[in-house]
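Close look at the chain arrangement
The primary structure of each chain is shown beneath.
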Amino acid sequence: MHDTIAIRIDSALKTFGGRAYRWLAPKTGANGNGHVPPGAKVAVDHVSLDVKRGEIFGVLGPNGSGKSTLIRLIATLLIPDGGRVSVFDHDVTQEPRLVQTLINRVSVEASFFKKLSPMENLLYGARLYGVAPNEAKQRAKDILARLGLEAKAIYRPMEEMSRGMQQKVAIARAFLSQPSLLLLDEPTTGLDPRSKREVQAFVRDLRDSHGTTILLTTHDMVEADALCDRIAIIDGGKIVALDTPDGLKQLIPRNGHAPTLEEVFLELTGKQLVTEEQGE
Ligand SMILES: Nc1ncnc2c1ncn2[C@@H]1O[C@H](COP(=O)(O)OP(=O)(O)OP(=O)(O)O)[C@@H](O)[C@H]1O
Ligand SMILES: [Mg+2]
């Protein structure tokens, strides 16, 4: 199950801002020339990683470390300034349309027709992906129920729903297109503990029963530890560690106890928590 490469990222570079002449620079490769203009912010700094088919792969990092930018590169929403990104062997810059048929993305700021119900939003979304309405309706009901959305809420306007409920609808909509690769940018941020568990179980089930590859970002270390097969920790746009949760825990010295993923994260991303104990 784990033999195909779902995502291949090879030295991906993404910068924002800087001098305007960047747009005039000749392109030397399919994905830009790898040039960093003066004054530019490097959001993704030569990141390389492979995600295998059927993996649940986590990207962790402090605020502003480049997680969402990386997801947007994979999702064909941004064009890399250097390096290559491919999804199931299709280059995101050269074959964006094809890549778009293989993926779906849930971002923290998912947008909906707020006057319409979850069901109407889902059916609209399914239609864009060519799913037949009857089939879509049944599947939408099943998915929303599995995500723990109350049956009566399915037909009420989205604007009456809490953020957590809207987040579940966003995940359901993304799954309705049956993507081979699902990109989840902070899928459980803002959810209560029960909803978090429902979303986590759903993600696991997607992988187990459909072989869906899932790349997700999260700030919840317990979630990452429990859900992800492998994790990349990024800081300042660069990968500082990439391993299984257990492999990551081997990276930091133990003070008589097994480190938590949070301790590993804090240690590897530096800045925070220089505690008294560390001086002893
Ligand atoms: N469209 C943009 N224009 C300019 N700068 C941007 C843009 N998008 C992201 N950035 C910058 O790129 C860097 C990485 O941002 P990104 O949103 O990828 O971080 P993140 O890891 O997802 O953070 P968070 O955990 O807060 O969601 C930040 O410095 C951000 O300000
Ligand atoms: Mg983000």
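Thresholds, definitions, all that
- Residues numbered from 1 in each chain as written.
- Chains lettered and ligands numbered in written order.
- Predicted model: local features only at pLDDT ≥ 70, side-chain atom pairs only at ≥ 80, totals over all residues.
- Helix = DSSP H or I, 4+ residues; strand = E, 2+ residues; numbered from the N terminus.
- Rg over C-alpha atoms; globule rule 2.2 N^0.38 Å.
- Buried ≥ 20, exposed ≤ 12 C-beta atoms within 10 Å, placed from the backbone.
- Pairing = 2+ DSSP bridges.
- Axes fitted to C-alpha atoms, helices over the stretch in contact; angles between N-to-C directions.
- Contact = placed C-beta atoms within 7 Å.
- Right-handed = clockwise from strand over helix to strand, strands pointing away.

1. Brief notes about the overall build of the chain
When helices and strands are counted, the chain shows ten helices and ten strands. The C-alpha atoms of the chain give a radius of gyration of 20 Å, which matches the 19 Å a tight globule of 280 residues would have. If you line up the chain on its principal axes, its C-alpha atoms span 55 × 55 × 35 Å. Within the chain, the fraction of its 280 residues that count as buried is 36%.

2. Some remarks on the sheet that holds strand β3 (residues 56-60)
A sheet is described by the order of its strands in space; here six strands give the open sequence β6-β7-β8-β3-β9-β10, paired in mixed fashion. Bordering the open sheet on either side are β6 (103-106) and β10 (238-243), each of which pairs with just one other strand. When the angles between neighbouring strand axes are averaged without regard to direction, this sheet yields 15°. Bridging between strand β9 (residues 230-235) and β10 involves five bridges; their strand directions are antiparallel. Of the residues in β10, the one forming a bridge with I234 is I239. On the sheet, helix α6 (residues 193-210) packs against β3, β7 (181-185) and β8 (213-217) and is oriented at approximately 155° with respect to β8.

3. Side note on the pairing of β8
When you tally the buried positions in β8, you get five out of five residues, the bulk of the element. Taking every second residue as pointing to the same face, both faces of β8 are buried, with T213, L215 and T217 on one and I214 and L216 on the other. Sheet analysis places β3 next to β8, joined by four bridges and oriented parallel. Bridge assignment links F57 to a residue of β8, and that residue is L215. Bridge count between β7 and β8: five bridges; the pairing is parallel. Bridge assignment links D185 to a residue of β8, and that residue is T217. Handedness of the β7-α6-β8 crossover: right-handed.

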